[in-house]
Each structure stands twice: as C-alpha cells, then as structure tokens.
Amino acid sequence: MAITYPKKEWTLSASAFQRLLRWLDCGADSGGESYLVMRDRLLAYFDRKNCRAPDDLVDETLNRVARRLEEENEIQSDTPARYCYITARFVFMEYLRQTDRTENAIEQMQLVHDYEKQLTDEAAAEKEDRYECMEKCLQQLDSENRQIITGYYLGQARTKIDNRRALAQSLGITINALTIRACRIRSKLEKCTRECLGDQ
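Parameters at a glance
As a convention, each chain's residues are numbered from 1 in the sequence order in which they are written. Reporting in this predicted model follows two pLDDT cut-offs: at least 70 for local features of residues, and 80 or more for side-chain atom pairs to be given and counted; totals over whole chains, interfaces and linings ignore these cut-offs and use all residues. Hydrogens are left out, water is left out, and the side-chain values use all remaining heavy atoms of the structure. Of the two site types, the cavity is a set of points on a 1 Å grid over the protein atoms alone where a 1.4 Å probe fits but cannot get out, and the pocket is an open set with protein on both sides within 12 Å along at least five of seven lines, each lined by residues with an atom within 4 Å of a point. Grid points are joined across faces, edges and corners, and a volume is the space filled by probe spheres set on the points. Where helices and strands are cited, they refer to DSSP runs of H or I of at least four residues and of E of at least two residues respectively, numbered from the N terminus. Multiply 1.5 Å by the residue count of a helix minus one, and that product is the helix's expected span. The rule is simple: take the accessible area with a 1.4 Å probe, protein chains only, and divide by the maximum for that residue type; under 20% is buried, over 50% is exposed, in between is partly exposed. Think of it this way: a Phe, Tyr or Trp ring, Trp meaning its six-membered ring, pairs with another when their centres are within 6.5 Å, and the plane angle makes it stacked under 30 degrees, edge-to-face over 60, tilted otherwise. Counting as a charge over the ring demands two things of the Lys NZ or Arg CZ atom: a distance within 6 Å of the ring centre and an angle within 35 degrees of the ring normal.

A.B. asks: What's the story with the layout of surface pockets in this structure? I'm lost.
C.D. replies: With a probe scaled to a water molecule rolled over the atoms, the places where space remains empty come into view. One number sums up the size of the second largest pocket: a volume of about 250 Å³. As for the second largest pocket, its lining consists of Arg130, Met134, Leu138, Ile149, Arg186, Leu189, Glu190, Thr193 and Arg194. It is helix H8 (residues 175-199) that provides the largest number of residues to the lining of the second largest pocket, a total of five residues.

A.B. asks: Got a minute to help me understand helix H3 (residues 54-72) in this structure?
C.D. replies: Turn by turn, an α-helix covers 3.6 residues, leaving residues three or four places apart pointing in a common direction. Over its 19 residues, H3 extends 27 Å from the first C-alpha to the last, a length consistent with the 27 Å expected when each residue adds 1.5 Å. Among the residues of H3, Pro54, Asp55, Leu57, Val58, Glu60, Thr61, Leu62, Arg64, Val65, Ala66, Arg67 and Leu69 are the ones counted as buried. Directly after H3, the chain includes Asn73, whose backbone phi takes a positive value near 70 degrees.

A.B. asks: Would you explain the packing of aromatic side chains in this entry?
C.D. replies: The geometry of two aromatic rings is summed up by the distance between their centres and the angle between their planes. Applying the stated criterion across every chain, the model contains six aromatic pairs. Both rings, one in Tyr45 and one in Phe92, keep their centres 6.4 Å apart while their planes meet at 75 degrees; by these two values the pair is edge-to-face. With Tyr45 in helix H2 (residues 33-48) and Phe92 in helix H4 (residues 80-110), this residue pair connects regions lying 47 residues apart in the sequence. We classify Tyr45 as buried; its relative accessible area is 9%. Its relative accessible area of 10% is what places Phe92 among the buried residues. Across the ring face of Tyr152, the terminal group of Arg164 is positioned such that the distance to the ring centre comes to 3.7 Å.

All we've got here are geometric facts, nothing functional implied.
See the structure below:
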C-alpha cells in the first residue's frame with residue numbers, strides 16, 4: 001500500500017542531509033554511525049507496530065526532522081533521539097488514519113467488481129509503463145552510478161544497512177558520501193522516469 005503525506009513535496013537535499021547528520025552527531029563526527037543507529041531504532045519502532053513498509057515510515061520521519069532543521073536551523077527543545085521518536089509517533093498516527101481510510105475504500109470497491117477490475121487493469125498497465133521507463137533510465141546511467149543506486153536499495157531492514165556499508169567500502173567512500181550520491185542519482189532517475197512517462 002502506498003503511503004502519502006501532505007509534506008511529500010519537500011525533497012531532502014544534500015545540504016539538508018548533512019545538517020541532519022551533524023545534528024544527530026551532537027557536534028561529534030560519527031562518520032554516519034549516529035544516523036544508522038537512529039534508523040535502526042526507528043525501524044524497530046515501526047516493526048513493533050506491525051506497520052507495512054516500515055522503511056518508508058523511517059524515511060518520512062527523518063525527512064520531517066531534516067525539514068524542520070532546514071527551516072529553523074536548529075532544534076533545541078529535545079535530544080535528537082527524543083525528537084525523532086516524537087516525530088515517529090506523529091507519522092505512525094497518520095499511517096493509522098490513512099490505513100483506515102484505505103481499508104474502507106477497498107471495502108467499497110469490492111461492491112463494484114467490474115469497475116474494480118477496470119481500475120486494476122489500468123494500474124497494471126501504468127505500473128508496467130513505469131517499470132519500462134525506469135529500466136530505460138537505469139540503462140542511461142554510467143556503470144558506477146547504476147551499481148550505486150541498485151546496491152543502495154538492495155535488501156530489507158538490517159540487511160539493507162549492511163549492504164550499504166559494504167557498498168561504501170567497495171567504492172572507497174563514507175556512508176555519508178554514498179547516501180548523498182544515491183540521493184542525487186535517485187532524483188535524476190525520477191526526473192528521467194517522469195519525462196519518459198510524459199512522452200508515452
């Protein structure tokens with residue numbers, strides 16, 4: 001189930017991500033370890049709540065924290081961990097409200113079977129178009145950027161984090177640098193995919 005939020009139009013920039021890392025480190029450079037530890041803790045929080053796509057909820061939580069840091073330049077009211085958990089609770093409450101709305105919508109759709117099938121067919125076609133465009137855009141990347149973006153999102157939960165560490169090590173760069181590069185490549189891919197879908 002896709003989760004949408006009212007603040008999704010804000011995009012995490014490289015400078016906003018660096019500000020988030022510094023804030024999580026509380027002035028000491030951990031080389032990205034504080035960020036990874038916080039991701040692990042938030043992931044465990046959403047896992048305990050039996051949320052679908054907990055990784056997406058972790059990203060949403062950290063993006064909201066990064067956005068506030070960018071808008072206000074600092075957060076003094078709480079420790080980083082406490083503020084992240086407070087934000088995660090808000091994200092979880094929104095997730096619950098949206099889940100309820102989605103389940104109610106599904107129940108209504110089941111009453112109109114023919115229309116539901118039509119929507120399903122259209123969604124499948126749209127998904128196939130998006131997949132083809134994404135594949136096309138991936139092939140346009142150079143081999144290193146393609147390796148970074150495919151390796152960055154490989155696996156789930158702890159496996160994904162371990163894969164990212166291994167990928168950064170194989171490229172001879174830090175976790176921070178890897179995350180920034182992946183963010184830039186993803187933005188480029190999303191733009192290419194949108195343009196490709198617009199041409200169809």
